[in-house]
Amino acid sequence: MMVAVASGFCLVTLCARCVAVDDKGEVRPSNVAESVASVSAPTYVGKQVCRECHPQNFDLHQHSGHADTFSRSVDSEIAKKYAGKALDAGNPYGVFHYEWGNEGLRTRRAADMDQAPFALQYAVGSGRNAMTLLTLIDDKESDAAGIEHRISWFGSHGDFGLTPGHIGMTPQDERGLLGNVVRGKSVRQCVYCHTTTGTIVGTEIVDLVADVNCEKCHGPGSEHVQQARRSETPPPFSIGRDRWDLEAELQLCGDCHRLPRNIDPVALREYSAELLRFQPVGMLRSECYLESDGNFMCSTCHNPHQDSKAKSTAAYEQDCLGCHQPDSDAHVACSVSPTSGCVECHMPATKFEQGMVFHDHWIRIRDAE
Ligand code: HEC
Ligand code: HEC
Ligand code: HEC
Ligand code: HEC
Ligand code: HEC
Ligand code: HEC
Ligand code: HEC
């Protein structure tokens, strides 16, 4: 992805994993790290353990995009769609031929059919919007590097297309003919945002737990599970706090969905089109957020476990009406349409690259089109 992510501050933590990652100076521990400051280094137990006692959250999560953000290509149904195809990536890249091997998907350029195929190692993104292939490579310049393949699958229009950000790109060297070479922080963050745990070592990911699972947001769960097995009222657990306030939640979601600090200042000032996909950035500009004394946050409208599309537009509009009641003195009501149609007019679905659609989370009165 194009927007650089600041490596930011370090939170006090006793978690060996977080310290190890941070020592490299690359990946910033998220506020997940805070959750472990008060207990002695809990470890990850995996989502199947959480399922035992939280089956509803598990089922919701299982149907959300978070449960499917990363896999080895050999395990990806979407990667299989490439097998046997020949896809034109434009000049000077040429046509890619794809085949299926024991290790998953691999490719050769039409110009290099006499050479060994190049393995496409990981499938990143669920494919609902898009899925991009990533292969880790050895690199002279950095101890972590990968190639983000040039052709992605777009669930948005059910077809292959150029990977977001690749339009107008030119290859820097021979390897760049397979896609964009991403190094250092960019590739570490790529793995960080799409997995629960995992550290790039050479061309492999050590301790890989794919997807944005329970413990990515709630922190490693061994201590909580032990407590819960001993007592029906285990001590509070959520990211090391006894409640989720606005700041904690915003840092959590914004760690991946982006906060203003991750955005180029000029783009931020102009609110340029690519900011559409960074919902926290839009939300933070909204009157609803600014005027609500900390009561307006992602979970005002989203159950963080649920697929956002599994909730009807009418249900989202009930959330608006939770504040903008026509007969209430506490908030203003809409003079144009006081009880329905809120999302369509005030946070419309807007097309992005390759037919992907995002909803502008800067909730505002728009100029008549
Ligand atoms: C042996 C049963 C058990 C297991 C396994 C378990 N939990 Fe819990 N959990 C509970 C109980 C009991 C509560 C407290 C009652 C409640 O809020 O449902 C709780 C509460 C929670 C809460 C809310 C706590 C708060 O502070 O408000 C979260 C979040 C949570 N669990 C996450 C997890 C995650 C993530 C896992 C897997 C790593 C997990 N649980 C595994 C039994 C369990
Ligand atoms: C570790 C990174 C990470 C964190 C933390 C995170 N997300 Fe996501 N989120 C993702 C990724 C990656 C996707 C893309 C999923 C896909 O490929 O379809 C996504 C997709 C989504 C979607 C759209 C897909 C769907 O299932 O509806 C919503 C809504 C969403 N996230 C909300 C949230 C909220 C709310 C929070 C905070 C409570 C949050 N996310 C925290 C990484 C994260
Ligand atoms: C700062 C966290 C972050 C980084 C770094 C990051 N992603 Fe994502 N990615 C997300 C989130 C959040 C979403 C869901 C919202 C969205 O679509 O932008 C997402 C969505 C996607 C999608 C689904 C299509 C889409 O746009 O919704 C693909 C494919 C993807 N990422 C691939 C990658 C690849 C490949 C890299 C690294 C080369 C990468 N991402 C780096 C957070 C990140
Ligand atoms: C994207 C981040 C994210 C993921 C992934 C996630 N949670 Fe949560 N979870 C939250 C947030 C944020 C809250 C607080 C929501 C609120 O206040 O409404 C929460 C609340 C909870 C609660 C207490 C309230 C409730 O809904 O019962 C439990 C239990 C829980 N989560 C369990 C789980 C389990 C089990 C999983 C994995 C199957 C999981 N969570 C995955 C972010 C996440
Ligand atoms: C937690 C309460 C809350 C929720 C939920 C909420 N808003 Fe607001 N919104 C406010 C507050 C507070 C203001 C400032 C005016 C006022 O006091 O009513 C505001 C202002 C607005 C404005 C005027 C913006 C401007 O720039 O003048 C619009 C439009 C709006 N909201 C639409 C919506 C829509 C659409 C939704 C649902 C998608 C929504 N709001 C949900 C609290 C909320
Ligand atoms: C006022 C209600 C509201 C709030 C607050 C809100 N969202 Fe949304 N969000 C929506 C609606 C409505 C959609 C569109 C759902 C659909 O597809 O029908 C959406 C969609 C999304 C999507 C899917 C991609 C897209 O843009 O369509 C993501 C990701 C997302 N929200 C993340 C977040 C995050 C992260 C936060 C907090 C920073 C947040 N949202 C706060 C109402 C809200
Ligand atoms: C057809 C498009 C449309 C729909 C549907 C719509 N609005 Fe509006 N809304 C507007 C326009 C245009 C304005 C500015 C009106 C003006 O300046 O007189 C506005 C103004 C507002 C304001 C600011 C009012 C003020 O006096 O400052 C709020 C709050 C608001 N809308 C909320 C909502 C909510 C909540 C819904 C759903 C129940 C909704 N709107 C549905 C177009 C719409």
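Quick caveat, the model's predicted, so the values are computed rather than measured.

Basis of the calculations
- Residues numbered from 1 in each chain as written.
- Chains lettered and ligands numbered in written order.
- Predicted model: local features only at pLDDT ≥ 70, side-chain atom pairs only at ≥ 80, totals over all residues.
- Heavy atoms only, no water.
- Donors = N, O, S within 2.8 Å, 3.2 Å for Na, K, Ca; no water.
- Tetrahedral: all angles 85-135°; square planar, octahedral: opposite > 155°, others 65-115°.
- Helix = DSSP H or I, 4+ residues; strand = E, 2+ residues; numbered from the N terminus.
- Buried < 20%, exposed > 50% of the residue type's maximum accessible area, 1.4 Å probe, protein only.
- Contact = heavy atoms within 4.5 Å.
- Near = heavy atom within 4 Å.
- Polar contact = N/O pair within 3.5 Å; in protein donor to acceptor, adjacent residues only side chain to side chain.
- Nonpolar A, V, L, I, M, F, W, Y, C, P; charged D, E, K, R; others polar.
- Salt bridge = Lys/Arg side-chain N within 4 Å of Asp/Glu carboxyl O.
- Pairing = 2+ DSSP bridges.
- Axes fitted to C-alpha atoms, helices over the stretch in contact; angles between N-to-C directions.

### Observations regarding the coordination of the iron atom of ligand 1
Phase 1 of the analysis: Protein-derived coordination of the iron atom of ligand 1 comes from His54 (NE2) and His224 (NE2), at a distance range of 2.0 Å.
Phase 2 of the analysis: Its six donor atoms give the iron atom of ligand 1 angles of 87 to 179° at the centre, a pattern that matches the octahedral case. One end of the pair, histidine 54, is in the loop between helix H2 (47-53) and helix H3 (55-62); the other, histidine 224, is in helix H7 (residues 222-230), and 170 residues separate them in sequence.
Phase 3 of the analysis: Given the relative accessible area of 40%, histidine 54 is considered partly exposed.
Phase 4 of the analysis: By relative accessible area, histidine 224 is classed as buried at 18%.

### As for the environment of histidine 302
Phase 1 of the analysis: Secondary-structure assignment places histidine 302 in the loop between helix H12 (298-301) and helix H13 (313-323).
Phase 2 of the analysis: We classify histidine 302 as partly exposed; its relative accessible area is 29%.
Phase 3 of the analysis: Those residues within four positions of histidine 302 in sequence are excluded, and the remaining contacts are Ser308, Tyr316 and His361.

### As for the site of ligand 4
Phase 1 of the analysis: Taken together, 14 residues are adjacent to ligand 4, and Asn57, Cys214, Cys217, His218 and His305 come closest.
Phase 2 of the analysis: Within the contact set of ligand 4, an oxygen atom lies 3.2 Å away from a side-chain nitrogen or oxygen of asparagine 57.
Phase 3 of the analysis: Separating a nitrogen atom of ligand 4 from a side-chain N or O atom of histidine 218 is a distance of 2.8 Å.
Phase 4 of the analysis: Where the shell around ligand 4 is concerned, the elements lending two or more residues are H3 and helix H6 (214-218).
Phase 5 of the analysis: Classifying every residue of the shell around ligand 4 by side-chain character gives seven nonpolar, seven polar and no charged.

### So, the site of ligand 6
Phase 1 of the analysis: As a structural note, the neighbourhood of ligand 6 is formed by 19 residues, with Cys298, Cys301, His302, His359 and His361 the closest of them.
Phase 2 of the analysis: Histidine 361 is positioned such that a nitrogen or oxygen atom in its side chain is 2.9 Å from a nitrogen atom of ligand 6.
Phase 3 of the analysis: Listed by contribution, the elements that provide at least two residues to the shell around ligand 6 are helix H8 (246-257), helix H10 (279-283), H12 and strand S15 (357-359).
Phase 4 of the analysis: When the residues that make up the shell around ligand 6 are grouped by side-chain class, the tally is twelve nonpolar, six polar and one charged.

### Quick notes on the pattern of salt bridges
Phase 1 of the analysis: Tallied over the entire structure, the rule returns 13 salt bridges.
Phase 2 of the analysis: In this structure, the salt-bridge partner of arginine 106 is glutamate 99, at a minimum N-O distance of 2.8 Å.
Phase 3 of the analysis: Counted as one network, the salt bridges with shared partners bring together Asp139, Glu141, Arg175 and Arg183.

### Comments concerning the sheet that holds strand S8 (residues 145-149)
Phase 1 of the analysis: A sheet is described by the order of its strands in space; here five strands give the open sequence S1-S6-S7-S8-S11, paired in antiparallel fashion. In this open sheet, the two strands that pair with only one neighbour each are strand S1 (70-72) and strand S11 (179-183). In this sheet, adjacent strand axes meet at a mean angle of 30° when their direction is disregarded.
Phase 2 of the analysis: Inspection of the sheet shows strand S7 (residues 132-136) paired to S8 by three bridges, in the antiparallel sense. Paired with leucine 134 across the bridge in S8 is glutamate 148.
Phase 3 of the analysis: Strands S1, strand S6 (122-124), S7, S8 and S11 of the sheet are contacted by helix H5 (residues 184-194), whose axis makes an angle of about 95° with S11.

From the geometry alone we can't say anything about function, so treat these as descriptive.
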